[in-house]
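Coordinate analysis (summary)
Residues per chain are reported as follows:
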Amino acid sequence: MSLKERLKDYKIFHWAYNLLHYKALQHNKEAYQKYNVHKPLYGSVSSKDFPDKESTAWLDVNDSAIAAPQKENFSSFTPSVQEQIKNWSRDGYLVLEKLFDEAACDSISSEVEKLVNSGIVHYTHDNKIMFANKLSRPIKDATYHPILKSLLEFLLDKEVIPFQTLNFNYGSNQKAHSDSIHMTTYPLGYLIAAWIALEDIHPDSGPLFYYPGSHTLPYLLNDDFGNISNRFALGNKSYSDYEEVMQDIIEKEKLQPKIFLPKKGDVLIWHANLIHGGMPVVNKSLTRKSMVIHFYAKDVIKYHEITERPSLMEET
Ligand SMILES: O=C(O)CCC(=O)C(=O)O
């Protein structure tokens, strides 16, 4: 491990960085008061600071088949979406066909290409471009798609705000995980994601996979895989330790994956705790143009369990 990576384990460096970005931490102010978190906004925060590990989202504590149709707005969705909303508590995902038209998909892809060609952004080791929504108007606009926003707000019964976009040109090969280890809320259950196909997705390109119903399993957080921190340093487990424990759970629970093979413009929405990842890329010459948007509910505590950092929510 490099010195830089080692230093990242010391919380004092996070605090200093957070202080430099203090404005972007203000979103947690009211929620800290509401949930009795008595620590500075720039400090580390993790599930150890909270009394419980249960989601309180209304469709986690109620059955969507019964509760959703009684809620105002339900009738504003198409019959196919209504059916899927009714299954949300059981399945933890739903699919919107052709939400984005050809032109919108192409415009996002060409914005990504422009950003890459100009050297403003770079692909990470797992083929991602992060936060392009901060650099491109059409990409930012996509994160505020009115139908998407109204559906997510219905599912969480809270206003949602986009936290980040991830753009992919090729499959991620990312192992199974739940977003709640990366982007976490208190109370739990208030992150929600949308995966947009920017082209027809080929089975050999490393499509997205997910485990229907896996969101009802207990959240796998730091202490649950032995990643025990102290006041000054993060725990000594690595992300691959998390992935191994997650894989064991999948095998123990005998979870059966579904592979998402959408057409251009289709969108998969998943629950904060739905286990998912990227299939291995079989044919490396195939693109898999796609974009993920991770949204948080606005009025909850937003942070990153694995690094115990509060989220930085800059105005985008
Ligand atoms: O698109 C993929 O391959 C993985 C995306 C993912 O895991 C995520 O956005 O959380």
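The following paragraphs examine the structure supplied in this document. (Residues numbered from 1 in each chain as written. Predicted model: local features only at pLDDT ≥ 70, side-chain atom pairs only at ≥ 80, totals over all residues. Heavy atoms only, no water.)

1. Regarding the sheet that holds strand β4 (residues 184–186)
Ordered by their spatial adjacency, three strands build an open sheet running β4-β11-β12, and the pairing between neighbours is antiparallel. Each of the sheet's edge strands pairs with one partner strand only, and the pair in question is β4 and β12 (309–310). Relative to strand β11 (residues 301–304), β4 runs antiparallel, the two being bridged by three bridges. The partner of threonine 185 across the bridge, within β11, is lysine 302. (Pairing = 2+ DSSP bridges. Helix = DSSP H or I, 4+ residues; strand = E, 2+ residues; numbered from the N terminus.)

2. Re the pairing of strand β8 (residues 267–271)
β8 sits mainly inside the fold: five of its five residues count as buried. Both faces of β8 are covered, namely the face carrying Val267, Ile269 and His271 and the face carrying Leu268 and Trp270. Direction of pairing for strand β1 (residues 93–96) relative to β8: antiparallel, over a ladder of four bridges. For leucine 96, the partnering residue across the bridge sits in β8 and is valine 267. Two strands pair when backbone bridges link them, and strand β5 (residues 191–197) and β8 are joined in this way by five bridges, in the antiparallel orientation. (Buried < 20%, exposed > 50% of the residue type's maximum accessible area, 1.4 Å probe, protein only.)

3. A look at helix α10 (residues 146–156)
Of the residues making up α10, those classed as buried are Leu148, Leu151, Leu152, Phe154, Leu155 and Leu156. With its phi angle positive at about 55°, aspartate 157 sits one or two positions after the end of α10.

4. Side note on the nonpolar core
A general trend in soluble globular proteins is that nonpolar side chains are found buried together. The biggest cluster of nonpolar side chains holds 42 residues, and the ones touching the most others in it are Ile85, Leu96, Leu148, Leu151, Leu155 and Ile269. Sorting elements by how many residues they give to this core places α10 first, with six residues. Counting 15 residues, the second-largest nonpolar core is a separate cluster that includes Val95, Leu166, Tyr210 and Leu268. (Core = buried A, V, L, I, M, F, W, Y, C linked by side-chain atoms within 4.5 Å.)

5. With respect to the packing of aromatic side chains
Tallied over the entire structure, the rule returns 14 aromatic pairs. Judged by centre distance (5.8 Å) and plane angle (75°), the ring pair of tryptophan 58 and phenylalanine 154 falls under edge-to-face. Of this pair, tryptophan 58 sits in helix α4 (residues 58–61) while phenylalanine 154 sits in helix α10, and the two are 96 residues apart along the sequence. What makes phenylalanine 154 buried here is its relative accessible area of 2%. On the basis of an interplanar angle of 40° and a centroid distance of 6.1 Å, the ring pair of phenylalanine 74 and phenylalanine 154 is categorised as tilted. (Phe/Tyr/Trp six-rings, centres within 6.5 Å; stacked < 30°, edge-to-face > 60°.)

6. A look at the site of the ligand
In the neighbourhood of the ligand, 14 residues make up the surrounding shell, with Ser172, His177, Asp179, Trp195 and Arg288 lying closest. At a separation of 2.5 Å, an oxygen atom of the ligand approaches a polar side-chain atom of serine 172. With respect to the ligand, the side chain of tryptophan 195 contributes an N or O atom lying 2.8 Å from an oxygen atom. Protein chains bury 98% of the 300 Å² of accessible surface belonging to the ligand in isolation. Of all the secondary structure elements, the ones that give two or more residues to the shell around the ligand are β3 (160–168), β9 (276–278) and β10 (290–297). A class-by-class count of the residues in the shell around the ligand yields six nonpolar, six polar and two charged. (Near = heavy atom within 4 Å. Polar contact = N/O pair within 3.5 Å; in protein donor to acceptor, adjacent residues only side chain to side chain. Areas by Shrake-Rupley, 256 points an atom, 1.4 Å probe, with all protein chains shown as cover. Nonpolar A, V, L, I, M, F, W, Y, C, P; charged D, E, K, R; others polar.)

7. As for unusual backbone geometry
Omega for the peptide link from tyrosine 186 to proline 187 comes to -5°, which places this bond in the cis form. Checked against the element boundaries, proline 187 lands in the loop between β4 and β5. A positive phi is found at asparagine 36, a non-glycine position, where the angle reads about 55°. Among the structural elements, asparagine 36 can be located in the loop between α3 (29–34) and α4. The exposure class assigned to asparagine 36 is exposed, which follows from its relative accessible area of 54%. Positive phi values are uncommon outside glycine, yet asparagine 73 reaches one of about 95°. Here asparagine 73 falls in the partly exposed class, since its relative accessible area comes to 43%.

8. Considering the pairing of β10
The buried fraction of β10 is high, at eight of eight residues. Here β10 shows a buried face lined by Ser290, Val292, His294 and Tyr296 and a second buried face lined by Met291, Ile293, Phe295 and Ala297. The pairing of β3 with β10 spans eight bridges and is classified as antiparallel. The partner of asparagine 167 across the bridge, within β10, is methionine 291.

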